[in-house]
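Fold and contact review
Each chain is listed here by its residues.
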Amino acid sequence: MTPLQRLRALPPVAQALVGLAALAVLTGLLAAAWYSTRPRYEVLFRDLRPADAAMIVARLDETKTPYRLADGGSTILTPKALADAARLDIAGSDMPLKGAVGFELFNKSDMGLTEFAQRINYQRALQGELARTIMTVEGVDSARVHLTLPEPSVFRNDRKPPRASVTIVTVRGVSLDEGAVAGIQRLVAASVTDMDVADVVVLDQSGHVLNPAVATTPEAVSPELQQARAIEQYYVAAVRSALAAQWPDARVEVVIPLHQWGPGAAGSDSRDQALTAWTRTSRAFDIRVSVMTPDQADAASRTAVREQLLQAGVLRETDALLFPLSPALAAPIAEKAAPAAPVEARPTKAASSSARFDWRWLAVPVLGVALLILLRRLWAPRRLGADQRAAWARRLSRLVEGADHGL
């Protein structure tokens, strides 16, 4: 009996099961073939602003490079074989990514520009180069620089000093310390002729002034600022002592935010009075505490630490407690690419799924083995039991006897 005849001899339910199993195996084989031959996509850039994503997509369309968009258009993926070439092509282009136009503005010189237009272009290029340099600082996500460059004058009384303002957007969970802010001030002041460090204002994304209102040289530090730094060091030691059992290697930073006092003379007087009236048991101002741990603390640990510091009298309800990422954890997030290109992304779930083992591949061999077992059981020759063999023997003997009588 042929396999086809055996299949036709099966009951309808068994025939349906065999058909479904064969269809499942065929579908699995076709899906595996399609999945193995399609191009693997990896992240080209992520965390892009809409304007930067639009320029990169236009460049990819121009070079006819296939791409995909994810995370609402802020992440761009390209085939893995073309990712490196596309990244180098975008890095070598003159696209003003992150809104920063540098000295590539002068690559195409126009002899018809006036002197005023040349000065404006130089100011734009200098602002863009400074913004790119500031964005390479660890913890800075984006930056904008505004320069006020007065016109030169031969008369000393008519000369005005240049000024600058820097707006910084930090990486989520990371705050710049005073040393980094002072370094940004000195960088901008050293890049502009006759600019003083005190004429550089640094703001954060909330509009708060990060640089102190007084000069940063040790000789010019006022007694009020010295007292504020001493109070901050006291709370640093208090927080470290309270967390020594749980996190002995934690890095602690305490800052007295200057924006909690109003501007002008009244604000300065209230600040000086609050600092002068401070004691270890009472204070009339808020502080901002940053605790950097080797491992990122979860929500339960953060709540426990805050309760512990409140019970110890170090914090008040109105104080801010932050848990920024440690340098080892923040480096992959704050890592910057070349100044002309945005930050290279870490693979997202859509891009890194190819690197992990796909358990769906096990469905094909499992279905194949199940189909083979089923077919073997259906097409294997049936063995008769003892009773069936005896019945067949009696029937055969009667047939033989009938044939003899007929003869």
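Source: prediction; values computed, not measured.

So, how was this worked out
Residues numbered from 1 in each chain as written. Predicted model: local features only at pLDDT ≥ 70, side-chain atom pairs only at ≥ 80, totals over all residues. Heavy atoms only, no water. Core = buried A, V, L, I, M, F, W, Y, C linked by side-chain atoms within 4.5 Å. Buried < 20%, exposed > 50% of the residue type's maximum accessible area, 1.4 Å probe, protein only. Helix = DSSP H or I, 4+ residues; strand = E, 2+ residues; numbered from the N terminus. Contact = heavy atoms within 4.5 Å. Pairing = 2+ DSSP bridges. Axes fitted to C-alpha atoms, helices over the stretch in contact; angles between N-to-C directions. pLDDT = per-residue confidence, 0-100. Salt bridge = Lys/Arg side-chain N within 4 Å of Asp/Glu carboxyl O. Expected span 1.5 Å × (residues − 1). Arc of directions from axis to C-beta. Parallel < 35°, antiparallel > 145°, perpendicular 65-115°, else oblique. Left-handed = near helix turned anticlockwise from the far one by under 90°. Nonpolar A, V, L, I, M, F, W, Y, C, P; charged D, E, K, R; others polar.

1. Brief notes about the nonpolar core
Phe285 and Val289 are the most contacted members of the largest nonpolar core, which totals 29 residues. Looking at this core, the elements that each hand over two or more residues are helix H7 (223-242), strand S7 (251-255), helix H8 (264-276), strand S8 (288-292) and helix H9 (299-311). Among the elements that make up this core, the one with the highest residue count is H7 (seven residues). Among residues more than four places away in sequence, those in contact with Phe285 are Ile231, Ile256, Gln260, Trp261, Ala274, Leu275, Trp278, Arg316 and Asp319. Membership of the second largest hydrophobic core comes to 22 residues, among which are Ile134, Met135, Ile184 and Met195.

2. A look at the sheet that holds strand S6 (residues 200-203)
Spatially, the three strands line up as an open sheet ordered S4-S5-S6, and their pairing is mixed. Bordering the open sheet on either side are strand S4 (140-148) and S6, each of which pairs with just one other strand. Recorded for the sheet is a direction-independent mean angle of 15° between the axes of neighbouring strands. Across eight bridges, the pairing between S4 and strand S5 (residues 163-170) is antiparallel. Directly across from His146, in S5, lies its bridge partner Ser165. Packed on one face of the sheet, helix H6 (residues 178-191) meets S4, S5 and S6 and runs near 140° to S6.

3. A look at the sheet that holds S8
Pairing is mixed across the open sheet formed by three strands, whose spatial order is S7-S8-S9. Single-partner strands in this sheet number two, and they are S7 and strand S9 (320-322). With direction set aside, neighbouring strand axes in the sheet form an average angle of 15°. Pairing between S7 and S8: five bridges, direction antiparallel. Within S8, the residue paired with Val255 across the bridge is Arg288. On top of the sheet, H7 reaches S7 and S8; it is set at about 145° to S7, its chief contact.

4. Thoughts on the confidence of the model for the chain
Averaged over all residues, the pLDDT of the chain is 76; the fraction at 70 or higher stands at 75%. Mean pLDDT values for the elements of the chain range from 42 in helix H11 (residues 349-352) up to 91 in S6. Note on residues 214-220: pLDDT is under 50 here. Beyond four places in sequence and across chains, it has eight contacts. This model gives residues 328-356 a pLDDT under 50, and the stretch forms 56 contacts once residues within four places in sequence are excluded.

5. Some remarks on unusual backbone geometry
A positive phi angle is found at Lys64, which is not glycine, with a value near 60°. Look at Asp71: it is not a glycine, yet its phi comes out positive at around 55°. With respect to the helices and strands, the residue Asp71 is situated in the loop between strand S2 (68-70) and strand S3 (75-79).

6. Regarding the pattern of salt bridges
Under the defined criterion, the tally for this structure stands at nine salt bridges. As a salt-bridge pair, Arg132 and Glu129 come within 3.6 Å of each other at their nearest N and O atoms. With Arg132 and Glu129 both in helix H5 (residues 115-135) and three residues apart, the pair spans about one turn of that helix. By relative accessible area, Glu129 is classed as partly exposed at 23%. Note that Arg316 is salt-bridged to Asp286, the shortest N-O span being 2.6 Å.

7. Let's talk about H6
Spanning 14 residues, H6 covers 20 Å between terminal C-alpha atoms, matching the ideal 20 Å at 1.5 Å per step. For H6, the complete set of buried residues consists of Val181, Ala182, Ile184, Gln185, Val188 and Ala189. For H6, the buried positions fall inside an angular range of 155° around the axis, keeping them on one side. Residues Gly179 and Ala190 are exposed on H6 and point more than 90 degrees away from its buried face. Those residues of H6 that are buried lie in contact with H5, S4, S5 and S6.

8. Some remarks on the packing of H5 against H6
Closest axis-to-axis distance for the H5/H6 pair is 11 Å, and the angle between their directions is 150°. One way to sum up the angle between H5 and H6 is to call them roughly antiparallel. You can see that H5 and H6 cross each other, and the crossing is right-handed. Counting all contacts with H5, which are made through Leu126, Leu130, Thr133 and Ile134, the residues of H6 involved are Ile184, Leu187, Val188 and Ser191. By residue class, the composition of the contact of H5 with H6 is six nonpolar, two polar and no charged.

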